[in-house]
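Remarks on the overall topology
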Amino acid sequence: MANKSALITGITGQDGAYLAKLLIDKGYNVFGLHARRSTNTLWRLQHLGVESTVQLVEGDLMDLSSLIRAMEKSQACEVYNLGAQSFVGTSWDQPVLTAQVTGVGALNVLEAVRIVNAKARFYQASTSEMFGLIQEEKQSEETPFYPRSPYGIAKLYAHWMTINYRESHGMHASSGILFNHESPLRGIEFVTRKVTDAVARIKQGKQHELRLGNIDSKRDWGFAGDYVEAMWLMLQQDLADDFVVATGQTTTVRDMCRIAFEHVGLDHDKFVVIDPKFYRPAEVDVLLGNPAKAINKLGWRATTDLTTLITMMVDADMKRVSQEV
Ligand code: NAP
Ligand code: G4F
């Protein structure tokens, strides 16, 4: 039997790279939507050694015709929509772009799937940001949403569109409501990577302080390598559904910093400077997921605790910074 084909939007991002590697290891032909950029965006795929195995297709989430072409070219039976303007902070500066890419972009992918092969299975990268001002202490698939950022609102639109395509077109369309997940391949703008990169620079004498915003907020942080496994499992189910994917533990940004600095023998209190520039117009104070449904129905479980994750990221940044010329 011929190998299955999968199409990933956002293949150059953190999750796209880990998912591409996972699917290649499972024997899939992996196609990735690749938006043309003037800079090298392939470094994560290179890092995981899959850059020459994935087949890149030019396209953009805002261009439906390019998505239809990508569906035709890939003959994908599984489509993972991971592409997005995914940085919450930027979504206040570029709310319209965020709505178009992160919200309507998902609708464009659903339309391309419906038009070219409505039997293909679809995964939407939904997010715990949709819970925003939390309505329950532990957030599950039943918790009402209350998004607090233009990003969260765009994602909520995409989330409901996914449900709508499942209910009105009978498509196998699932959403993973993923809580924060990180790795050495995390973008430098997100707080964990900003911290682990700074720790490495401070330890090696290349930086003297770390400027952060609200360090009292709490997040349920897991390892991206675990979370892409959950995405794949969702598309292997007989019925499409929505699943919370989380560790079930929450930690302040402050404690995450402490773990990172302590790993190289430094005291975070001596280096962290609070800078109002990094405060957000509306904050999500705390996120804590209840992954019981994913555990029971998918057999999925987070394998990496926060200390293991952060020390892995600090070690990777120590190496990266030491190799800089
Ligand atoms: P990421 O590293 O920011 O990657 C985003 C990807 O989207 C990149 O490949 C980017 O391409 C692509 N993209 C941006 N604009 C595009 C456009 N107009 N057309 C096509 N592609 C475009 O994000 P991530 O952390 O891997 O997250 C993957 C997905 O999960 C995102 O949808 C994110 O919102 C969602 N999510 C993430 C988390 C998390 O904690 N990581 C949690 C919940 C949900 P370039 O490289 O060319 O810019
Ligand atoms: O790392 P962050 O930017 O992640 P945030 O906003 O939780 O969003 C991430 O997770 C979502 C899932 O819940 C994804 F949907 C989304 O795409 C993204 O991957 O910020 C985490 C916390 C926030 O409370 C922020 O205010 O850290 C706080 N923080 C404090 N100082 C900072 C900083 N965040 C950043 N990025 N930079 C700072 O200097």
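Given the structure is predicted, the values throughout are model-derived calculations rather than measurements. (Residues numbered from 1 in each chain as written. Chains lettered and ligands numbered in written order. Predicted model: local features only at pLDDT ≥ 70, side-chain atom pairs only at ≥ 80, totals over all residues. Heavy atoms only, no water.)

Quick look at the site of ligand 2 now. Contacts to ligand 2 come from 23 residues, most closely from T127, S128, Y151, R280 and E283. Side-chain polar atom of N180 to an oxygen atom of ligand 2: 2.8 Å apart, as the coordinates give it. With respect to ligand 2, the side chain of R186 contributes an N or O atom lying 2.8 Å from an oxygen atom. Across the complex, the protein chains shield 96% of the 710 Å² of accessible surface that ligand 2 would expose by itself. Its residues assigned to classes, the shell around ligand 2 comprises nine nonpolar, seven polar and seven charged. Two domains share the shell around ligand 2, each providing at least three of its residues, namely domain 1 (5-181 + 221-245) and domain 2 (187-220 + 250-283 + 304-322). (Near = heavy atom within 4 Å. Polar contact = N/O pair within 3.5 Å; in protein donor to acceptor, adjacent residues only side chain to side chain. Areas by Shrake-Rupley, 256 points an atom, 1.4 Å probe, with all protein chains shown as cover. Nonpolar A, V, L, I, M, F, W, Y, C, P; charged D, E, K, R; others polar. Domains from an automatic or database assignment.)

Ligand 1 sits among 24 residues. The nearest are T12, D15, S86, Y151 and K155. Between ligand 1 and Q14 there is a distance of 3.1 Å, counted from an oxygen atom to a backbone nitrogen or oxygen. Out of a free accessible area of 900 Å², ligand 1 has 89% covered by protein chains. Counting residues per element, the ones that place at least two in the shell around ligand 1 are α1 (14-25), β5 (121-127) and α6 (150-169). Top contributing element to the shell around ligand 1 by residue count: β5, with three residues. Classifying every residue of the shell around ligand 1 gives eight nonpolar, 11 polar and five charged. (Helix = DSSP H or I, 4+ residues; strand = E, 2+ residues; numbered from the N terminus.)

Looking now at helix α8 (residues 224-235). In a regular helix each residue adds 1.5 Å, so 12 residues correspond to 16 Å; α8 covers 18 Å between its end C-alpha atoms and thus fits that length. Taken together, the buried positions of α8 are A224, D226, Y227, V228, A230, M231, W232, L233, M234 and L235. (Expected span 1.5 Å × (residues − 1). Buried < 20%, exposed > 50% of the residue type's maximum accessible area, 1.4 Å probe, protein only.)

What follows is about the domain arrangement of the chain. Partitioning the chain into structural domains gives domain 1 (5-181 + 221-245) and domain 2 (187-220 + 250-283 + 304-322). Averaged C-alpha coordinates put domain 1 and domain 2 at centres separated by 27 Å. Domain 1 puts 16 residues into the contact, and the matching count from domain 2 is 20 residues. A per-residue breakdown of the area domain 1 buries against domain 2 is headed by F87, W92 and W221, which together make up 48% of the total. Applying the counting rule to domain 1 against domain 2 returns zero salt bridges. Summed over the shared surface of domain 1 and domain 2, the number is two residue pairs in polar contact (both at pLDDT 80 or more). When residues of the side of domain 1 that touches domain 2 are traced back to their parent elements, those giving at least two are α2 (43-47), β10 (222-223) and α8. Here the residues of the side of domain 1 that touches domain 2 sort into eight nonpolar, four polar and four charged. (Contact = heavy atoms within 4.5 Å. Buried area = accessible area lost by both parts, 1.4 Å probe. Salt bridge = Lys/Arg side-chain N within 4 Å of Asp/Glu carboxyl O.)

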